[in-house]
Amino acid sequence: MTETEDFVAGDAGRITRGISAVGMRLLDIISRRREEQRRREAEGQREAAAALQERQNAQRQAATELIKPALDPAWRDAASDRELATAYVYAEAYSQDNDLARIVQERLGGYIQERHGDLEGFVDANVDSGDLERVPAPTGQPSATQERAIEAREQAALDAVAKEQTRYERILAVAGDERADAWANQVDVIGRERADRWLQENLGEDELAELAKWEQWDEAERERGEAAHDRHQAAEADTDEEREQHEDSAAEHDANASEHEERGDMEREGSGQFPHSDRDLKKLESTNAEAAEALRRSKPGRQEALTTQVAEGKKSRQGRARTHGTGRDRDRQADRGR
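An account of the accompanying structure is given in this report.

The rules behind these values
- Residues numbered from 1 in each chain as written.
- Predicted model: local features only at pLDDT ≥ 70, side-chain atom pairs only at ≥ 80, totals over all residues.
- Heavy atoms only, no water.
- Helix = DSSP H or I, 4+ residues; strand = E, 2+ residues; numbered from the N terminus.
- Expected span 1.5 Å × (residues − 1).
- Buried < 20%, exposed > 50% of the residue type's maximum accessible area, 1.4 Å probe, protein only.
- Arc of directions from axis to C-beta.
- Polar contact = N/O pair within 3.5 Å; in protein donor to acceptor, adjacent residues only side chain to side chain.
- Phe/Tyr/Trp six-rings, centres within 6.5 Å; stacked < 30°, edge-to-face > 60°.
- Contact = heavy atoms within 4.5 Å.
- Axes fitted to C-alpha atoms, helices over the stretch in contact; angles between N-to-C directions.
- Parallel < 35°, antiparallel > 145°, perpendicular 65-115°, else oblique.
- Left-handed = near helix turned anticlockwise from the far one by under 90°.
- Nonpolar A, V, L, I, M, F, W, Y, C, P; charged D, E, K, R; others polar.

A word on helix H4 (residues 99-116)
With 18 residues, H4 ought to run about 26 Å at 1.5 Å a step, and its terminal C-alpha atoms sit 25 Å apart, in line with that. Looking only at H4, the buried set comprises Ala101, Val104, Leu108, Gly109, Tyr111, Ile112 and His116. Looking down the long axis of H4, one finds its buried residues gathered within 165° of arc, a one-sided arrangement. Opposite its buried face, H4 presents the exposed residues Asp99, Glu106 and Glu114, each directed more than 90 degrees away. The opening residue of H4, the one whose side-chain oxygen lies 3.0 Å from the backbone nitrogen of Leu100, is Asn98.

A short note on the packing of aromatic side chains
Scanning the model with the defined rule gives one aromatic pair in all. When the ring of Trp214 is compared with that of Trp217, the centres are 5.4 Å apart and the planes differ by 85°; the resulting orientation is edge-to-face. With Trp214 and Trp217 both in helix H10 (residues 205-236) and three residues apart, the pair spans about one turn of that helix. Each member of the pair, Trp214 as well as Trp217, is classed as buried.

Structural notes on the environment of Leu71
With respect to the element layout, Leu71 can be found in the loop between helix H1 (3-67) and helix H2 (73-78). Owing to a relative accessible area of 26%, Leu71 belongs among the partly exposed residues under this scheme. Taking the C-alpha atoms as reference points, Leu71 and Ile103, 32 residues apart in sequence, are found 8.3 Å from one another. Aside from chain neighbours lying at most four places away, what touches Leu71 is Arg76, Leu100, Ile103, Val104 and Arg107.

Let's talk about the packing of helix H7 (residues 144-175) against H10
Running from N to C, H7 and H10 point in directions that differ by 150°, and their axes come no closer than 10 Å. Looking at the two axes, H7 sits roughly antiparallel to H10. Crossing geometry of H7 relative to H10 is assigned as right-handed. Across from Lys163, Thr166, Arg167, Arg170, Ile171, Val174 and Ala175 in H7, the residues of H10 making contact are Glu207, Glu210, Leu211, Trp214, Glu215, Asp218 and Glu219. Split by residue class, the contact of H7 with H10 holds five nonpolar, one polar and eight charged.

Quick look at the structure:
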């Protein structure tokens, strides 16, 4: 090897050793930074875990103070329905890992069942969704009451969608696809209330009456479904009190359904909240002079009170019972088949 080659080789070695030293220092810096980052993350996790544990302990202590009085029979007798239901849902939430909560849930649940007949129905009726959202879930899973509330919210959302779809289909049948689509678009943009006002301004009286008729009959069907559900619940009831509650509820739904059916019939015959032609008025006069006279005295924009007036008059004269299978029911079926 020549002198020049020796010089080059020696220089290359020095450069290589220099690069290696720099690389080692960089690796060392990176390693220390990573270790520091892991240390900070571990500290943060420990602090978060401690804060969570502290919060859970505070929640547990608060829940204990809230449910402990429910062991006293005198407190249960003096407590309001809301206080009983609230104590129950907190005891229920902690019953899996807390003996006091388990005992309170058992005793308070038995008390409510004996006094009111329907434990789940009582609790659901006396705590709202906001109350339940504040109840902790120490096991990581919602309690039975919270599960029912979640299912009820989901079902309500589905029912609302179905109701909107039904209304769209009614508008489509009455007003055609152009105005129905315009209404649906306005619901998305400006909200249901303002979209409905737009629809009222863009439908004729006969169209409004036809739409109102179907809305009343649809509501009557919904009430009949609720009544059927209550009658089924009454048949499955464990106590006379529970059975009577469901029977009373069924009777109320039936009465509401009859009222909606009456109002739908009034819209169909021209005596509802949207007046029809003079020909319809004369036809109405031959069958219901009182309604015809009230309709004559009504003014545009004030007809809604008329519907209530005539319907309430019919209720006071005839009661709330309804006989099915009449000629009017057959007429309604004919309308549905159009």
